[in-house]
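Each chain is listed here by its residues.
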Amino acid sequence: MSAACFKAWVYGRVQGVAFRYSTQAEARALGVLGYARNLEDGSVEVLAWGEAEKVGALIDWLKAGGPRSARVDSVRVEPHQPSSTPRGFTTG
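Residues numbered from 1 in each chain as written. Predicted model: local features only at pLDDT ≥ 70, side-chain atom pairs only at ≥ 80, totals over all residues. Heavy atoms only, no water.

A. Examining helix α2 (residues 52-63) more closely. Its 12 residues give α2 an end-to-end C-alpha distance of 16 Å, which sits within 8% of 16 Å, the value for a rise of 1.5 Å per residue. Turning to α2, its buried residues number three or more, namely Val55, Leu58, Ile59, Trp61 and Leu62. Along the axis of α2, the buried positions cluster into a sector of 155°, meaning they face one direction only. For α2, the exposed residues lying more than 90 degrees away from the buried face are Glu53 and Lys63. In the segment just after α2, Gly65 is the residue with positive phi, at about 120°. (Helix = DSSP H or I, 4+ residues; strand = E, 2+ residues; numbered from the N terminus. Expected span 1.5 Å × (residues − 1). Buried < 20%, exposed > 50% of the residue type's maximum accessible area, 1.4 Å probe, protein only. Arc of directions from axis to C-beta.)

What follows is the structure, encoded as structure tokens:
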């Protein structure tokens, strides 16, 4: 397995529309570990760790707009070096 880890910041109407929970469901379906959490500026931060192809699929899903109730204006993605392997996928 070629592991990859990225942090993504999703901007738009992404809070109060079940974005984190939809992201969690998509990540779990793909077998990706990490988290999705709301930030004070109204964006959502996503940490995605796992097989590179599956992490890429989650990032593509985020860029495609996530759940129908959301409106994604932009997604910023950066490689990330986690200090430890995430356990599961949480919505913190």
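Read on, since the account is not over.
B. Spatial organisation of the UniProt feature "active site" (unreviewed entry) in the protein chain. Those residues carrying the UniProt feature "active site" (unreviewed entry) are Arg20 and Asn38 in this numbering. In terms of the greatest pairwise C-alpha distance, the residues named above, spread along 19 residues, form a tight cluster of at most 7.8 Å across. In this structure, Arg20 sits in helix α1 (residues 19-30). Beyond its immediate sequence surroundings of up to four residues, Arg20 is in contact with Ala36, Arg37, Asn38, Val44, Thr91 and Gly92. Classification of Asn38 as partly exposed rests on a relative accessible area of 31%. Those residues in contact with Asn38 that lie beyond four places of it in its chain are Val14, Gln15, Arg20, Ser43, Val44 and Gly92. At 3.4 Å, the side chain of Asn38 and the side chain of Arg20 are in polar contact. (UniProt positions renumbered as here; feature names shortened; annotations may be inferred. Contact = heavy atoms within 4.5 Å. Polar contact = N/O pair within 3.5 Å; in protein donor to acceptor, adjacent residues only side chain to side chain.)

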